[in-house]
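In case you want the letters, here they are:
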Amino acid sequence: MTNPSILEPEATSNSVGWRRLSPIALLYVLVNILKFAASNILYLLPALVVGWNTVIEYPHYLALAALLMLTLVSVYSVLTFRAYRYRVHQGHVEIRSGVLQKTALDLPYERIQNVRIVQPIYYRFTGHVCVELDTAGSSDQEAKLYALSKSYAEDLKAEILQKVALGADINVDAESTFADHSGEVIINQRSLFDLVLHGISSNRVWIMLGALSPFTDEIIDYLEAASSYLDLDLIAMLDPTKSSLVTVVVFFLSLALTVFLVLVSLSILGAIITFYGFTLSRDDERYIRRSGLLTKHEVTIKLSRLQQIVLKRDWLDMLLGRVNVKLLQSGSTNNSETAQSKNLLVPSVTPKEAFELSTDAWPENRLSGITYKRIGKGYMVSRLSMFSAVLSLISLLGFTLNNSNVAIFCLITLPLLALAIFIRWWRWGYAHDEQYLYVRKGFLGVDQCIVPLYKLQQTRWSQTVWQKSANVGQLKIVLASGRQTVPFVDKTEGIKILDDALHRVEDLKPNWM
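Structural notes, computed from the coordinates. (Residues numbered from 1 in each chain as written. Predicted model: local features only at pLDDT ≥ 70, side-chain atom pairs only at ≥ 80, totals over all residues. Heavy atoms only, no water.)

Moving on to the pairing of strand β10 (residues 296-302). The pairing of strand β4 (residues 112-119) with β10 spans six bridges and is classified as antiparallel. Residue pairing for β10: Ile-117 is matched across the bridge by Glu-298. As paired elements, strand β9 (residues 286-291) and β10 share six bridges and run antiparallel to each other. Note on β10: the bridge partner recorded for Ile-288 is Thr-300. Linkage of β9 to β10, two consecutive antiparallel strands, is achieved through a turn of four residues, within which Gly-292 is found at a positive phi near 120°. (Pairing = 2+ DSSP bridges. Helix = DSSP H or I, 4+ residues; strand = E, 2+ residues; numbered from the N terminus.)

Here it is as structure tokens:
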């Protein structure tokens, strides 16, 4: 049968024909264009700063520019909507899109790694969803289908997953009903209290504090303006000759606590928006994660595609007795939003729940009872020698310039660096069995990684000149989800790990993708 042209009228429910999007898709297109504009607004800030006086003097120009921009965005959204066509046919998802640059995407079922169903808040009222199909390749080969009915999306997801699992010839309509969640078993849920703990312990707070550091002067100016409005003389309050030391200390502690509480509140809010209603289910050999407050996400991943399991604990997680479990797939080394969404994060679980999750995914792993071997003490010697040499040169430069403060700084810094290096060495450990490599590392927190040796793609054993004399070296294992490196491993142990892993890959020839 000859496939219809994309210029022909919209097809009926027959998946052989090309389809148009539902008109509600305009909202999705418009929101994405606005997101893109917002993410690039920083490039326009210099022009706005330079022309701010003109804008204030002639505000109607700003209104005219805003109206023109809104018109252009609206027209482009409509053209994008009209240019989009898709069809599901003969085991392929095909998409034709683009206004200024035409794009044709043909994605076979067998290349699909993840099927995600996303429901933005503006689709809640109409019952529409977006389907995102991820591959193990680049993000350019990933498909997004907008504004599908929820039932159609579920049927399409079920068909893709079923046909890929069976490995059979795919020549079935996407209208066939395969959606059957009767086999799903919930293995983990997160309560609101768990999400609050995750918001407190996550690194969002420190990222936001770092992001605020360039705006210190502006913040101080704002505080001065606010104090003037409230008729408070901050300079007099903080003058040691006019105020007691206790007053000054209490003021700065109160200010720091207020800023910290605001940032923690924002971090908690972000965790709730992202993970609200978190449910992790298992349906045979698939994990299904559902979460989201404003935008509901449903992510389905095949268990056989898991590349690594990471039990991550920052220092606050350790104080709160919590662990974040990451199930990593291929492509997780990319920092893009799409690549990160391929991973499955179970936030703020207890250590017992974390071990149960790792055992559910890989029953043969022995993480809960493993005994780690520490890396060689040469790690401390090499790092401390390097930093000592650098600090000695800085001290010598300070004496040359008659600046004793530099030498004092180096004397204070060296023991702190030595302590940090010792803690890092103390945390670092490794172990292995017939199937897995276990790596523990961290500084203030602790990460434990489970690496299946039969899924490795590359191996490397390297030694420096003086490492050879100490009979140690660096072990590196590369997987599709990234790499694990363990320094200062005993040579006999490292070679044995690599040999066992390579023999296992050769014998099993596993379909690790």
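Further notes follow.
Strand order in this open sheet of three strands is β1-β2-β3, and the pairing throughout is antiparallel. For this open sheet the edge positions go to β1 (85-89) and β3 (103-108), each flanked by a neighbour on one side alone. Taken pair by pair, the neighbouring strands of this sheet meet at an average axis angle of 10°, ignoring direction. Pairing between β1 and strand β2 (residues 92-97): five bridges, direction antiparallel. Residue Val-88 lies in a different strand from β2, and its bridge partner there is Val-93. (Axes fitted to C-alpha atoms, helices over the stretch in contact; angles between N-to-C directions.)

As enumerated under the stated definition, the model contains 14 aromatic pairs in all. These aromatic residues form a ring-pair network of at least three members: Tyr-28, Tyr-84, Tyr-122, Tyr-123 and Tyr-146. The side chain of Arg-374 reaches across the aromatic face of Trp-425, ending 5.7 Å from its centre. Sitting over the face of the ring of Trp-426, Arg-374 holds its NZ or CZ atom 3.6 Å from the ring centroid. (Phe/Tyr/Trp six-rings, centres within 6.5 Å; stacked < 30°, edge-to-face > 60°. Lys NZ or Arg CZ within 6 Å of the ring centre and 35° of its normal.)

Turning our attention to the sheet that holds strand β6 (residues 143-149). The sheet built from seven strands is open, its strands ordered β6-β5-β4-β10-β9-β8-β7 with antiparallel pairing. The open sheet has two edge strands, β6 and β7 (185-189), and neither has a second partner. Neighbour-to-neighbour, the strand axes of this sheet turn through a mean angle of 20°, independent of strand direction.

With that settled, the discussion passes to unusual backbone geometry. Even without glycine at this site, Gln-90 takes up a positive phi of about 55°. Looking at the element boundaries, Gln-90 is found in the loop between β1 and β2.

So, on to a nonpolar patch on the surface. A grouping of Ile-121, Leu-192, Val-262, Leu-266, Leu-269, Ile-273, Tyr-276, Leu-293 and Leu-294 is seen on the molecular surface, where their side chains present a nonpolar patch of about 750 Å² in accessible area. Relative to the helices and strands, Val-262 is located in helix α10 (residues 245-275). (Patch = residues over 30% accessible without salt bridge, like charges linked within 9 Å, V, L, I, M, F, W, Y side chains within 5 Å. Areas by Shrake-Rupley, 256 points an atom, 1.4 Å probe, with all protein chains shown as cover. Salt bridge = Lys/Arg side-chain N within 4 Å of Asp/Glu carboxyl O.)

Turning next to the pattern of salt bridges. Counted by the stated rule, this structure contains 17 salt bridges. For Arg-116, the salt bridge is made with Glu-132, and the minimal N-O distance between the two is 2.1 Å. Here Glu-132 lies in strand β5 (residues 128-135) and Arg-116 lies in strand β4, a separation of 16 residues in the sequence. By the burial criterion, Arg-116 is buried, and Glu-132 matches it. A salt bridge links Glu-353 to Arg-190; its shortest N-O distance comes to 3.2 Å. Taken together, the residues span a long stretch of sequence, with Glu-353 in helix α13 (residues 351-361) and Arg-190 in the loop between β7 and α6 (192-201) at a distance of 163 residues. One salt-bridge network, held together by shared partners, links Glu-154, Lys-157, Glu-184, Arg-290 and Glu-298. (Buried < 20%, exposed > 50% of the residue type's maximum accessible area, 1.4 Å probe, protein only.)

Given a rise of 1.5 Å per residue, 23 residues ought to cover 33 Å, and the 33 Å separating the end C-alpha atoms of helix α14 (residues 378-400) matches this to within 8%. In this structure, the buried residues of α14 make contact with α15 (404-427), α16 (465-470) and β20 (482-490). Asn-402 lies just past α14 and shows a positive phi near 55°. (Expected span 1.5 Å × (residues − 1). Contact = heavy atoms within 4.5 Å.)

The subject of this paragraph is the environment of Arg-286. On the secondary structure map, Arg-286 appears in strand β9. When its relative accessible area of 18% is taken as the criterion, Arg-286 is described as buried.

Moving on, we get to the nonpolar core. Of all hydrophobic cores here, the largest spans 31 residues; its most connected members are Tyr-287, Leu-306, Ile-309, Val-325 and Val-346. Of all the secondary-structure elements, those providing two or more residues to this core are α10, β10, β11 (308-313), β12 (323-328), β13 (344-349), α13 and β16 (436-441). Looking at this core, the element that brings in the most residues is α10, giving four residues. With 30 residues, the next largest nonpolar core counts Leu-107, Tyr-109, Ile-117 and Leu-133 among its residues. (Core = buried A, V, L, I, M, F, W, Y, C linked by side-chain atoms within 4.5 Å.)

So, on to the side chain of Thr-279. If you trace the backbone, Thr-279 turns up in strand β8 (residues 279-283). Looking at Thr-279, the relative accessible area reads 14%, which means it is buried. Ignoring any residue separated from it by four or fewer positions in sequence, one finds Thr-279 in contact with Ile-186, Asn-188, Gln-189, Ile-288, Arg-289 and Arg-290.

Along the chain, the position of Trp-362 falls in the loop between α13 and β14 (373-374). In this structure Trp-362 comes out as buried when scored by relative accessible area, which is 5%. Along the primary structure Trp-362 and Ile-450 are separated by 88 residues, whereas in three dimensions their C-alpha atoms are 9.5 Å apart. Dropping the residues within four chain positions of it, Trp-362 is found in contact with Leu-306, Gln-307, Gln-308, Ile-309, Tyr-436, Ile-450, Pro-452 and Tyr-454.

In short, shape yes, function no, at least from these values alone.
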